[in-house]
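Coordinate inspection notes
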Amino acid sequence: MDLQILKNEFDAGDGSFLISIRGDMVWDVEAFNRLSGAMAQYCREATGTSAHLERWLAQGFWYVPWFVRDWTSHPDFPRDLPATYYDNAYRRLDDLAFSYFFGHDSKNS
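Residues numbered from 1 in each chain as written. Predicted model: local features only at pLDDT ≥ 70, side-chain atom pairs only at ≥ 80, totals over all residues. Heavy atoms only, no water.

1. Brief notes about the overall build of the chain
Each helix and strand counted, the chain has five helices and zero strands in total. In the chain, the succession of helices and strands from N to C terminus is α-α-α-α-α. Taken over 109 residues, the chain has a buried fraction of 36%. Restricting the contact set of the chain to residue pairs at least 6 apart, pairs at least 24 apart contribute 64%. For the chain, the exposed area adds up to about 6,600 Å²; of that, 52% sits on carbon and sulfur atoms. (Helix = DSSP H or I, 4+ residues; strand = E, 2+ residues; numbered from the N terminus. Buried < 20%, exposed > 50% of the residue type's maximum accessible area, 1.4 Å probe, protein only. Contact = heavy atoms within 4.5 Å. Areas by Shrake-Rupley, 256 points an atom, 1.4 Å probe, with all protein chains shown as cover.)

See below:
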């Protein structure tokens, strides 16, 4: 896994999903898919590895679901997609955080 993609996303770097929602006030579907895909890939590849959690990864997996939901639920944030899309996206981020911290899919717990 290329951790640079995840680091850029968690740091709200150039072209990241976080910078698109915070700086541009735009839900960029492609950027969201890149972020959630990188998170999912990390969880898949880290399954069964060391119990040690990298601080920057833990902070990102904790922060992203909370921030994305909070920021994009504000009445001033333009929500151009169906409400179910956002609900599913928030659930996906929650599930990925659960998977990171507990080492398995939340749907199977």
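Past the structure itself, the notes keep going.
2. Quick word on the packing of aromatic side chains
Throughout the structure, instances matching the rule amount to 20 aromatic pairs. Note on Trp 66 and Phe 67: the rings are 6.4 Å apart at their centroids and 50° apart in plane angle, and the pair reads as tilted. Put simply, the rings of Phe 10, Tyr 42, Trp 56, Phe 61, Tyr 100 and Phe 101 touch in pairs and so form one group of aromatic residues. Sitting over the ring of Tyr 86, Arg 79 keeps its end group 4.1 Å from the ring centre. (Phe/Tyr/Trp six-rings, centres within 6.5 Å; stacked < 30°, edge-to-face > 60°. Lys NZ or Arg CZ within 6 Å of the ring centre and 35° of its normal.)

3. Considering the packing of helix 4 (residues 55-72) against helix 5 (residues 83-102)
Viewed as axis vectors pointing N to C, helix 4 and helix 5 meet at an angle of 165°, and their least axial separation amounts to 9 Å. Of the possible angle classes, the one that applies to helix 4 and helix 5 is roughly antiparallel. Considering how the two elements wind past one another, helix 4 and helix 5 form a crossing that is left-handed. Across the interface between the two elements, Leu 57, Ala 58, Phe 61, Trp 62, Val 64, Pro 65, Val 68, Arg 69 and Thr 72 from helix 4 touch Tyr 90, Arg 91, Leu 93, Asp 94, Leu 96, Ala 97, Tyr 100 and Phe 101 from helix 5. Class assignment for the residues of the contact of helix 4 with helix 5 results in 13 nonpolar, one polar and three charged. (Axes fitted to C-alpha atoms, helices over the stretch in contact; angles between N-to-C directions. Parallel < 35°, antiparallel > 145°, perpendicular 65-115°, else oblique. Left-handed = near helix turned anticlockwise from the far one by under 90°. Nonpolar A, V, L, I, M, F, W, Y, C, P; charged D, E, K, R; others polar.)

4. Some details on helix 3 (residues 29-46)
Its 18 residues give helix 3 an end-to-end C-alpha distance of 25 Å, which sits within 8% of 26 Å, the value for a rise of 1.5 Å per residue. Buried residues of helix 3: Ala 31, Phe 32, Leu 35, Ser 36, Ala 38, Met 39, Ala 40, Tyr 42 and Cys 43, and no others. Each element contacted by the buried residues of helix 3 is listed here: helix 1 (3-10), helix 2 (17-22), helix 4 and helix 5. Where helix 3 begins, the capping side chain belongs to Asp 28, and its oxygen is found 3.0 Å from the backbone nitrogen of Glu 30. (Expected span 1.5 Å × (residues − 1). Polar contact = N/O pair within 3.5 Å; in protein donor to acceptor, adjacent residues only side chain to side chain.)

5. Concerning the nonpolar core
By size, the foremost hydrophobic cluster in this structure holds 27 residues, and its most contacted members are Phe 17, Trp 27, Met 39, Phe 61 and Val 68. Considering each element in turn, this core owes the most residues, eight residues, to helix 3. Apart from the residues lying within four places of it in its own chain, the contact partners of Phe 17 are Glu 9, Trp 27, Asp 28, Ala 31, Phe 32, Arg 34, Leu 35 and Val 68. (Core = buried A, V, L, I, M, F, W, Y, C linked by side-chain atoms within 4.5 Å.)

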